[in-house]
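Listed here are the chains, written in short residue letters.
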Amino acid sequence: MRAGPWACALALALVAGCGPLSRTHRDPGNSHEVATGAPSGQADARITIAGGRVEPPPGWLEVGRGRQVSITVTSDVADEVHVHGYHIVAELRPGVPATVRFTADLTGVFQVETHGSKLVLTQLAVR
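On a predicted model such as this, the values are computed, not experimentally measured, just so you know. (Residues numbered from 1 in each chain as written. Predicted model: local features only at pLDDT ≥ 70, side-chain atom pairs only at ≥ 80, totals over all residues. Heavy atoms only, no water.)

1. Some thoughts on the side chain of Ser 75
So, point 1. Position of Ser 75 relative to the elements: it lies in strand E4 (residues 68-75).
So, point 2. On the accessibility criterion, Ser 75 (3% relative accessible area) is buried.
So, point 3. Polar contacts involving the side chain of Ser 75 include one to the main-chain carbonyl oxygen of Val 77, which spans 2.9 Å.
So, point 4. Setting aside anything within four residues of it in sequence, one finds Ser 75 in contact with Ile 49, Leu 92, Arg 93, Pro 94 and Gly 95. (Helix = DSSP H or I, 4+ residues; strand = E, 2+ residues; numbered from the N terminus. Buried < 20%, exposed > 50% of the residue type's maximum accessible area, 1.4 Å probe, protein only. Polar contact = N/O pair within 3.5 Å; in protein donor to acceptor, adjacent residues only side chain to side chain. Contact = heavy atoms within 4.5 Å.)

Written out as structure tokens, the structure reads:
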């Protein structure tokens, strides 16, 4: 039995989907989420944690690859803030703002959270 041209095309499409362009399964911080809208020149966020609540509520920060990111977190308890994928960690001391600054040189969607309380602070979309 001989496979038709449509079967060959389907097989090629399936193999291509598993190739090197599919980085979301092996690179930390990447997900299947898609950010919409144009990325901005710089991402700045000021986040407060009080009584286990995050203000403003977790959302998106979008930035173009190669741009600067600055995230300032003030917490009412000691903890650590972690930027997944970038492996950036900053100590949080009660009432003292902690700022992480870095160049967004990896593309994808990266979660920013606290280590101890496991609170999601924001999602960083780098394109």
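Once the structure has been displayed, the description carries forward.
2. Examining the nonpolar core
So, point 1. Residues Val 69, Ile 71, Val 73, Val 81, Tyr 86, Leu 121 and Leu 124 are the most contacted members of the largest nonpolar core, which totals 26 residues.
So, point 2. Examining the composition of this core, we find that four residues originate from one element, strand E1 (residues 43-50), more than from any other.
So, point 3. Leu 124 has contacts with Ala 43, Leu 61, Val 63, Val 69, Tyr 86, Phe 102, Gly 108, Val 109 and Phe 110, leaving out every residue within four places of it along the chain. (Core = buried A, V, L, I, M, F, W, Y, C linked by side-chain atoms within 4.5 Å.)

3. Regarding the packing of aromatic side chains
So, point 1. Tallying each qualifying case throughout the model produces two aromatic pairs.
So, point 2. A ring pair is formed by Tyr 86 and Phe 102, whose centres lie 4.8 Å apart and whose planes are at 45 degrees; its orientation type is tilted. Within this pair, whereas Tyr 86 is found in the loop between strand E5 (79-83) and strand E6 (88-92), its partner Phe 102 is found in strand E7 (residues 98-103), the two being separated by 16 residues in sequence.
So, point 3. In this structure Tyr 86 comes out as buried when scored by relative accessible area, which is 13%.
So, point 4. Here Phe 102 falls in the buried class, since its relative accessible area comes to 7%.
So, point 5. Taking 5.0 Å as the distance between ring centres and 65 degrees as the angle between the ring planes, the aromatic pair formed by Tyr 86 and Phe 110 counts as edge-to-face. With Tyr 86 in the loop between E5 and E6 and Phe 110 in strand E8 (residues 108-114), this residue pair connects regions lying 24 residues apart in the sequence. Phe 110 shares its class with Tyr 86; the two are buried. (Phe/Tyr/Trp six-rings, centres within 6.5 Å; stacked < 30°, edge-to-face > 60°.)

4. Digging into the sheet that holds E8
So, point 1. The mixed open sheet is built from five strands, whose spatial order is E3-E9-E8-E5-E6. Only two strands of the sheet have a single partner each, and these edge strands are strand E3 (60-63) and E6. Going across the sheet, the axis of each strand differs from the next one's by a mean of 15 degrees, ignoring polarity.
So, point 2. In this sheet, E6 lies alongside E5 in antiparallel orientation, the contact comprising five bridges. From the neighbouring strand, Asp 79 faces E6, where its bridge partner is Leu 92. (Pairing = 2+ DSSP bridges. Axes fitted to C-alpha atoms, helices over the stretch in contact; angles between N-to-C directions.)

5. Quick look at the environment of Thr 74
So, point 1. You can see Thr 74 is positioned in strand E4.
So, point 2. Between the C-alpha atoms of Thr 74 and Glu 55, which are 19 residues apart in sequence, the distance is 10.0 Å.
So, point 3. Not counting chain neighbours up to four residues away, the residues in contact with Thr 74 comprise Ile 47, Thr 48, Ile 49, Gly 95, Val 96 and Pro 97.

6. With respect to the pairing of E1
So, point 1. What you see with E1 is a clean split: Ala 43, Ala 45, Ile 47 and Ile 49 sit on the buried side and Asp 44, Arg 46, Thr 48 and Ala 50 on the side with no burial.
So, point 2. Here E1 runs beside E4; their pairing, made up of seven bridges, is parallel. Bridge pairing in E4 links Ala 45 to Ile 71.
So, point 3. Where E1 and strand E2 (residues 53-55) come together, three bridges link them in antiparallel fashion. Each bridged residue has a counterpart across the sheet, and for Ile 49 the counterpart in E2 is Val 54.
So, point 4. Turn length for the E1-E2 hairpin, with the two strands adjacent in sequence and antiparallel, is two residues, and the turn residue Gly 51 shows positive phi of about 60 degrees.

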